[in-house]
Amino acid sequence: MPSLLTIIMYHYVRDVQGSRFPDIKGLTVEQFSAQIDYIKKYYTVVGGRELLDAIAPGGELPPRAALLTFDDGYIDHLLNVYPILDRNHLSACFFPVAKAVLEHHVLNVNKIHFVLASTTDKEKIISRIYHWLDEYRASYELPSNNDYWIRLAVAGRFDTPEIVFTKHLLQRELPTDLRDIITSLLFGEFVTSDETAFASELYMNNEQLVSLYRSGMYIGGHGYSHNWLNTLDRAEQERDIDAGLDFIKSVGDSPGGWIFSYPYGAYNDSLLSVLRDRGFNIGLTLHVGIARLDADQLLTLPRLNTNDLPKLADSSPNDWTRQVIGEGQAVLH
Ligand SMILES: [Zn+2]
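A brief structural summary. All figures in this text were calculated on a predicted structure; none of them were measured in a lab. (Residues numbered from 1 in each chain as written. Predicted model: local features only at pLDDT ≥ 70, side-chain atom pairs only at ≥ 80, totals over all residues. Heavy atoms only, no water.)

### Section: the packing of helix α6 (residues 122–140) against helix α7 (residues 145–152)
Now for step 1: At their nearest, the axes of α6 and α7 sit 10 Å apart, and the two run at 130 degrees to each other. The orientation of α6 relative to α7 falls into the category oblique. Taking contact as the criterion, the partners of I126, Y130, L133, D134 and R137 in α6 are, on α7, N145, Y148 and W149.
Now for step 2: By residue class, the composition of the contact of α6 with α7 is five nonpolar, one polar and two charged. (Axes fitted to C-alpha atoms, helices over the stretch in contact; angles between N-to-C directions. Helix = DSSP H or I, 4+ residues; strand = E, 2+ residues; numbered from the N terminus. Parallel < 35°, antiparallel > 145°, perpendicular 65-115°, else oblique. Contact = heavy atoms within 4.5 Å. Nonpolar A, V, L, I, M, F, W, Y, C, P; charged D, E, K, R; others polar.)

Structure representation (structure tokens):
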């Protein structure tokens, strides 16, 4: 019985060339469309409801199943992704963040992306970060800038040391409230002072999410505040999950359980138990790999990044694809 599921994660899908943020990291619409052609050639795309049916008693996945997942509820997903999915008769899963939609709040993770994309001169950003660290060093007893740099500036899977440094420092390393303060200062300096207007352009609103849902797309949970949920105590986790669940329930229904995408991929045992308790039975992490539904814990499934698959329609199958291609019948092409 087929049990492999290739879950692919997307964030921005937009044409950034010539825009105010040419450096934003994402797929162009053409790359996305080409990757969909590639995926259609080698995989069978299933939607969120089909996945939930497949894990129910008696259910199963088709051979070479793939699930397309879109985090954070960007307007890109409605304007650029949906038309391509619709044209190809595909369904996908979308994970909007309640606070971004309901409070027109720009998530820290996005503030950091747009700060980094606002200039090709990353040194300028690092020097402003150093400036603000100097300002707050005494009151927060922070280590030296050089200590931070040596520890955090390592090249990542897809990022340069400057970008990894900025992301690590502002997403995780600094004390929580200082993270918010410095991220907002940089966002104000490099991007805009009008966060509400920026949020309204960056994310889908409630009606747009409802229209996606009514067009056959799956809307799942990504939490209320896009926090590192593994750093919260159980009561705080419950508040975030419950408020996030109320929000996605206001958009659509999910008979057979709910799918959750962990902000930053972060979870712990307490969070898994809260999710199970609230009727979530699929959880998507940032572990890199192909999910095996008969062996993996369903609440901690691995995903591939879009960059793990080719972005040319006629690419030959890469390593990740070859791992599943033996499943089911041979591919003719
Ligand atoms: Zn996210």
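### What to know about the coordination of the zinc ion
Now for step 1: In the first shell of the zinc ion, the protein supplies D72 (OD), H222 (NE2) and H226 (NE2), at 2.1 to 2.2 Å from the metal.
Now for step 2: Mapping the donors of the zinc ion onto the primary sequence yields the spacing D-x149-H-x3-H. (Donors = N, O, S within 2.8 Å, 3.2 Å for Na, K, Ca; no water.)

### Some details on the nonpolar core
Now for step 1: In this structure, L5, F32, L68 and L85 are the most contacted members of the largest nonpolar core, which totals 72 residues.
Now for step 2: In this structure, A117, W132, I182 and A266 belong to the second largest nonpolar core, which totals 42 residues. (Core = buried A, V, L, I, M, F, W, Y, C linked by side-chain atoms within 4.5 Å. Buried < 20%, exposed > 50% of the residue type's maximum accessible area, 1.4 Å probe, protein only.)

### Focus: helix α5 (residues 108–117)
Now for step 1: Taken across its 10 residues, α5 has 10 buried, putting it largely inside the fold.
Now for step 2: Three or more residues of α5 are buried, namely N108, V109, N110, K111, I112, H113, F114, V115, L116 and A117.
Now for step 3: The inward-facing, buried residues of α5 contact α6, α8 (161–173), α9 (176–190) and α10 (195–202).

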